[in-house]
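Commentary on secondary and tertiary structure
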Amino acid sequence: MPIPRRVPRRAVRGAVLALLLTALAAAVPQAPSGVHPPPGPDARAVRPPNPAAERTPGTDRSLGTDRSPTDGRPAGPAGTTPAEPTPTERTTPVPTTESLLLAGRRVVYSYSGAVPPPELLRTISAGRAAGVILFKDNVATPPQLQAAIAQLRQAAAAAPSGSPLLLMTDQEGGKVRRINPGEPELSARATGAAADPAGAAAHAGAGAARTLRDAGLNVNLAPVLDVFDTPDNFIDHSERSYSRNPAVVAELGSAFLRAQQALGVLATAKHFPGLGAAAREENTDERPVILSVPLSDLRARGEEPYRAAIAAGVRLVMTSWAVYPALDAYLPAGLSRTIVQGELRERLGFDGVTVTDALEAGALKAFGDVGDRAVAAADAGMDLLLCSARDVRQGDAAVEALATALDSGRLDATAFGEAVHRVDGLRASLASGS
């Protein structure tokens, strides 16, 4: 059964927001206003794609949308009165500065090219970003990458909290390495086939940590804990799975993450509750995927490595965008309270930080624009929202939608505060070395 939504109460929401915001510095710069995206999909409604509402990474509205100094209407010609606003214009809420600051602490940004753009640095300095994800096009040379990381860190130090940014990438090994050359060189498949698989997995985890730490990064979106069921299927073809045996995946994934986290780089187990049954062409980056795995198999195979990873102290878990009818017939895992709250948190006992896969994924075409998706994922219980389209405006749109949903009561204030607290705690642990 799906977990029922909590009904927010205005008085409770107001009190919680007041408590959360008392620590914010009075001199926090005013965040610019903008037009918020439409509200997210209902918990059980799968909306058909709406081309008019879909925003490509280059067309998302940013928080810097030009507004008139009075009511947001464009100024009319000199000596004339601006046109009367439509009912929609009159009722469109503008998110509060306080909610924008809270929302930003749940969003991971991305950018294109070798140099962080000024608008991203301003956003970070204002305290409206939890982290940044880097890709191959952000990495030209080691000196260039170090310079870019230094800029991002300097901006974070200027933010009200001064907390370290979550600086992340995918350094799985083998074909999936954003910093290349750089360890680990062995793929997960090759690691599983080594003479000493557990030793090879630990070596790979330590190698990944050294590569990222030397570059100034502190989060690895690895290891992959998918247990493939058919040779050369989606996850095995790219050599990203350790084994067909869930016990082997559990052992090697745990060895990888322990060695990596021991050197100060946080690990992320993915893609819960498992993509091991996906056929070769079933790529959630490109299209919707339904994995009709029986519940008994899903829990015995797909989820087993996560039990081990949680016991080993993994700090983050990433959910997949596939639909698992045995658990939720309608919603992708990262949008499903049944899966995020019921399976991962309550059944498996994970109390760390949850992070979405890319919000621009093709599997989410039926779920509105980036704002809709961010709100739906937050409502399901996802703590961090991954905006990885290499466009700062995508992150801005997610922040604005989250803030608007928080102000309106669409998102529960208590749950929102708990998510911010988990992310803030993760960032603080980087500063303390714990």
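In the block above lies the structure referred to throughout.
Residues numbered from 1 in each chain as written. Predicted model: local features only at pLDDT ≥ 70, side-chain atom pairs only at ≥ 80, totals over all residues. Heavy atoms only, no water.

1. Remarks on the sheet that holds strand E9 (residues 353-358)
Read around the barrel, 8 strands follow the order E1-E2-E3-E6-E7-E8-E9-E10 and close on themselves; strand pairing throughout is parallel. Seen against the sheet, helix H14 (residues 392-408) touches strand E1 (107-109) and strand E10 (384-386) and runs at an angle of roughly 170° to E1. (Pairing = 2+ DSSP bridges. Helix = DSSP H or I, 4+ residues; strand = E, 2+ residues; numbered from the N terminus. Contact = heavy atoms within 4.5 Å. Axes fitted to C-alpha atoms, helices over the stretch in contact; angles between N-to-C directions.)

2. Structural notes on helix H15 (residues 413-432)
Since the α-helix packs 3.6 residues into each turn, any two residues three or four apart lie on the same face. Along its 20 residues, H15 runs 28 Å from first to last C-alpha, staying within 8% of the 28 Å computed at 1.5 Å per residue. By the burial criterion, the buried members of H15 are Ala413, Phe416, Gly417, Ala419, Val420, Val423, Leu426, Arg427 and Ser429. The distance from a side-chain oxygen at the start of H15 to the backbone nitrogen of Thr414 is 3.2 Å, and the residue carrying that oxygen is Asp412. (Expected span 1.5 Å × (residues − 1). Buried < 20%, exposed > 50% of the residue type's maximum accessible area, 1.4 Å probe, protein only. Polar contact = N/O pair within 3.5 Å; in protein donor to acceptor, adjacent residues only side chain to side chain.)

3. Let's talk about the packing of helix H3 (residues 97-104) against H14
Two numbers describe how H3 lies on H14: the axes approach to 8 Å, and their chain directions differ by 125°. Classed by the angle they form, the pair H3 and H14 counts as oblique. Read as a crossing pair, H3 and H14 show a hand that is right-handed. For the pair formed by H3 and H14, the contact residues are Ser99, Leu100, Leu102, Ala103 and Gly104 on the first element and Val399, Glu400, Leu402, Ala403, Leu406 and Asp407 on the second. Class assignment for the residues of the contact of H3 with H14 results in 7 nonpolar, 2 polar and 2 charged. (Parallel < 35°, antiparallel > 145°, perpendicular 65-115°, else oblique. Left-handed = near helix turned anticlockwise from the far one by under 90°. Nonpolar A, V, L, I, M, F, W, Y, C, P; charged D, E, K, R; others polar.)

4. Focus: empty space enclosed by the protein
Throughout the structure, instances matching the rule amount to 1 cavity of 30 Å³ or more. The calculated volume of the largest cavity comes to roughly 40 Å³. If you trace the largest cavity, you find it lined by Glu172, Ala188, Ala222, Pro223, Val224, Arg240, Tyr242 and Phe256. Classifying every residue of the lining of the largest cavity gives 6 nonpolar, no polar and 2 charged. (1 Å grid on protein atoms, 1.4 Å probe; cavity = no way out; pocket = protein on both sides within 12 Å on 5 of 7 lines; lining within 4 Å. Points joined across faces, edges and corners; volume = space filled by probe spheres on them.)

5. Considerations on the environment of Pro117
Looking at the secondary structure, you find Pro117 in the loop between E1 and helix H4 (118-125). The exposure class assigned to Pro117 is buried, which follows from its relative accessible area of 15%. Sequence separation of Pro117 and Asp391 is 274 residues, and the distance between their C-alpha atoms is 9.8 Å.

6. Regarding the nonpolar core
Soluble globular proteins: nonpolar side chains tend toward being buried together. Core analysis: the largest hydrophobic core is formed by 58 residues, its most contacted members being Ile124, Val132, Leu152 and Leu402. Listed by contribution, the elements that provide at least two residues to this core are H3, E1, H4, helix H5 (142-157), helix H7 (197-215), helix H13 (370-380), H14 and H15. The dominant element in this core, judged by the number of residues it contributes, is H14, at 9 residues. Look past the residues within four positions of Leu402 in its chain and what remains in contact with it is Ala103, Val107, Ala374, Val375, Ala378, Leu385, Leu411 and Phe416. Counting 40 residues, the second-largest nonpolar core is a separate cluster that includes Ala309, Ile339, Leu344 and Phe350. (Core = buried A, V, L, I, M, F, W, Y, C linked by side-chain atoms within 4.5 Å.)

7. A few points about the pattern of salt bridges
Inspection of the entire model under this criterion finds 17 salt bridges. Across the pair Glu183 and Arg210 runs a salt bridge, and its minimum N-O distance is 3.6 Å. Here the residue Glu183 occupies a position in the loop between strand E5 (176-177) and helix H6 (188-192), and Arg210 occupies one in helix H7, the gap between them amounting to 27 residues. Given the relative accessible area of 27%, Glu183 is considered partly exposed. One salt bridge connects Asp236 with Arg189, and the closest N-O pair in it is separated by 3.4 Å. Here Asp236, found in helix H8 (residues 234-237), pairs with Arg189, found in helix H6; they are 47 residues apart in sequence, far enough to count as distant. According to the relative accessible area criterion, Arg189 is partly exposed, its value standing at 33%. (Salt bridge = Lys/Arg side-chain N within 4 Å of Asp/Glu carboxyl O.)

8. Here we look at the layout of surface pockets
For the largest pocket, the calculated volume is near 520 Å³. Contributing to the lining of the largest pocket are 25 residues, with Asp170, Arg178, Arg240, Asp285 and Asp357 lying nearest its centre. Those elements that provide at least two residues to the lining of the largest pocket are H8, strand E7 (266-272) and E9. Split by residue class, the lining of the largest pocket holds 10 nonpolar, 6 polar and 9 charged.

The quantities given are spatial measurements derived from coordinates; they are silent on function.
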